[in-house]
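Commentary on secondary and tertiary structure
Spelled out from the first residue to the last, the chains are:
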Amino acid sequence: MTCHHKFTLHATTINCDHCQRKNRTAQCLNQKCDFASKLALSVNGKTPGPTIQVCLGDRIIVDVENRLPSSFETSIHWHGILQKGTPYYDGVSRVTQCPLTTGTSFSYSFVADNPGTHFYHADSVTQHADGIYGAIIVNEAGKRARENVILLGTRNDALVSGAYGALHGALVGQNKPVAKLILNGKANNENVDEFEAKLSETLFSFVNVAAYDCPFEIAMESHSFKVVNAQGSEILPVFAEKIVIYPGGRYDVEIYQIGEKCEKCVLKVSGLHKCSQLEQIKTVIRPVGDQNIATNEIKAKSLSANCSKDPSNLCNAQLEGVNPPDITFTPDLTFFLTFGHMRVPKVSNEDVEFRFVLNDIEYYPTFLDSSDEDGTLIPHINTVSFRPPSTPILSQYEDREPSFECESWANLSPAPASRPKSTCKGPPHYCECTHYIRVAVNATVKLVFRHESDSSNKNPGTFHLHGHKMYTANWRSSSDDMENTNKRPVAKDTIVVPPSGEISAFFKANNPGFWLLETRGDQITSAGVGMALIVQVGGPSEMLPVPAGYPTCRGLKPDDFIF
């Protein structure tokens, strides 16, 4: 089938009870809500936006109209949709398309080629955080439909997008990065959705839609979870009393009783990392039936990225797929990607390629301005921070600026990226460039992620690869740990690297295009400066033809700059 949707993006006022009532303020005060109404970014007037629910093989067409404030350029990424044959609709501004300016529209058209629970979100991290996101469900004929989708995310006290968000947040004194945990768009005291579960049968889909580094720990009173699917891949089922789900991650689970029966069982969601100080969000699940499970069937107290030798914890790298991997783990190319936070010396005028000059004064990004005499900690991959191209590299390859490009080469370890000589000094000086790794079509690629933990960040790192799925075949939980191997790993588009650890992920480069590899939680600005790079699969002549009438643009600036 062809499923046609229209998305209109707005700045919208939402009410604390999420209902259209005449006496909204009184209702909110009765519920002890933190606000009567607030401003958010929305899809068709709601956040989260509409759920797209289709069957495997259906074509999805989404007409997106940008009615956001005038400084807000935007695009929509379809997280979990592999875009095989449709790379121009991946939705990454300045990589696969021109951003939509206010008052313009763009039609995305692609096939639902990957069954499972997925989601869409604004490519801009801050617009995503401000409310532009929603679920995509791709069901398969003859298999259970995903009826209970739980989107776990965060909410800010005020808009954080663009100049408008920064100004508004500063004026009202509410520019804290994260203020609340939310479930399907609602916080505690806001009529949070409740659910009914037929034990051992009803399928629940948990999705971490947080734009920042906010994993969630999920637990349910007197019950255990049977995890059956991860990011659209069926897995050999595992039982766990708690599940930790990282940004971009998705799990499909069944629920089993392990303790005393409860009529209104409490599901508790706790924030970790940057959200560890926030109040838990709770909801009610009403069990139907008495499907018990013997406690000796529960293999772990928790499922997380903690790959230690603690037998009470199951590492998500240990999950095994129902189907064997469709690639061999003998790579044609190996890339070593060391990431973390690098301390760079205090910047001077000659360290940065300035984007703007106003009244003869040069301006550089404010995140480089530090009072610390030892310099500033900057997120990086192979010593460079990512700078988006100034034109969409997929559709306007000849218009790119090679002088701002850098590259990490295969089969070199350790391997600092090459740096543009005209704009960057050598390490440890700050360098911002359009970072690439380049691979041949159909090559088997091994990515070795090495996590440099430091005092500023001892948390796992989450990476999402567009256009492909990865198999985590090997890992170390720390630099001195023995290497572990999974001979039947699960295909995932989003993986988690333990702190101070190492993960080897394999993928088959069978989808020509320019694909972003990113960790959104450590991006400094909505422009994406930080831990990201572009995976170029194939040469320019191997890319699919640009669709007729495809928009063009030049000289794009990051969307968080005012001028």
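Residues numbered from 1 in each chain as written. Predicted model: local features only at pLDDT ≥ 70, side-chain atom pairs only at ≥ 80, totals over all residues. Heavy atoms only, no water.

If you look the protein up in an unreviewed UniProt entry, it shows as Plastocyanin-like domain-containing protein from Cloeon dipterum. Here is the UniProt Sequence similarities (unreviewed entry) comment for the protein, exactly as written: "Belongs to the multicopper oxidase family." (UniProt positions renumbered as here; feature names shortened; annotations may be inferred.)

**Points about the nonpolar core**
With 42 residues, the main nonpolar core has Leu-152, Phe-204, Phe-206, Phe-225 and Tyr-251 as its most contacted residues. Looking at this core element by element, the count peaks at five residues for strand 15 (residues 233–245). Setting aside chain neighbours within four positions, we find Leu-152 in contact with Ile-182, Leu-183, Phe-206, Val-207, Asn-208, Val-209, Ala-210, Phe-216, Ile-218, Ile-245 and Val-269. Grouped together as the second largest cluster of nonpolar side chains are 41 residues, Leu-41, Val-54, Val-62 and Phe-386 included. (Core = buried A, V, L, I, M, F, W, Y, C linked by side-chain atoms within 4.5 Å. Buried < 20%, exposed > 50% of the residue type's maximum accessible area, 1.4 Å probe, protein only. Helix = DSSP H or I, 4+ residues; strand = E, 2+ residues; numbered from the N terminus. Contact = heavy atoms within 4.5 Å.)

**Thoughts on the environment of Cys-55**
Among the secondary structure elements, Cys-55 is positioned in strand 3 (residues 52–55). As for Cys-55 and Met-1, which are separated by 54 residues in sequence, their C-alpha atoms are 8.2 Å apart. Beyond its immediate sequence surroundings of up to four residues, Cys-55 is in contact with Ala-112, Val-138 and Asn-139.

**Overview of the sheet that holds strand 3**
Reading across from one edge, 3-8-7-5 is the order of the four strands in this open sheet, with mixed pairing throughout. Of all the strands in the sheet, just strand 3 and strand 5 (76–79) have a single pairing partner and so form its edges. Here the average twist between neighbouring strands, direction ignored, is 20°. Of the pairings in the sheet, the one linking strand 5 to strand 7 (residues 116–122) comprises four bridges and is antiparallel in character. Counterpart to Trp-78 in the pairing with strand 7 is Tyr-120. (Pairing = 2+ DSSP bridges. Axes fitted to C-alpha atoms, helices over the stretch in contact; angles between N-to-C directions.)

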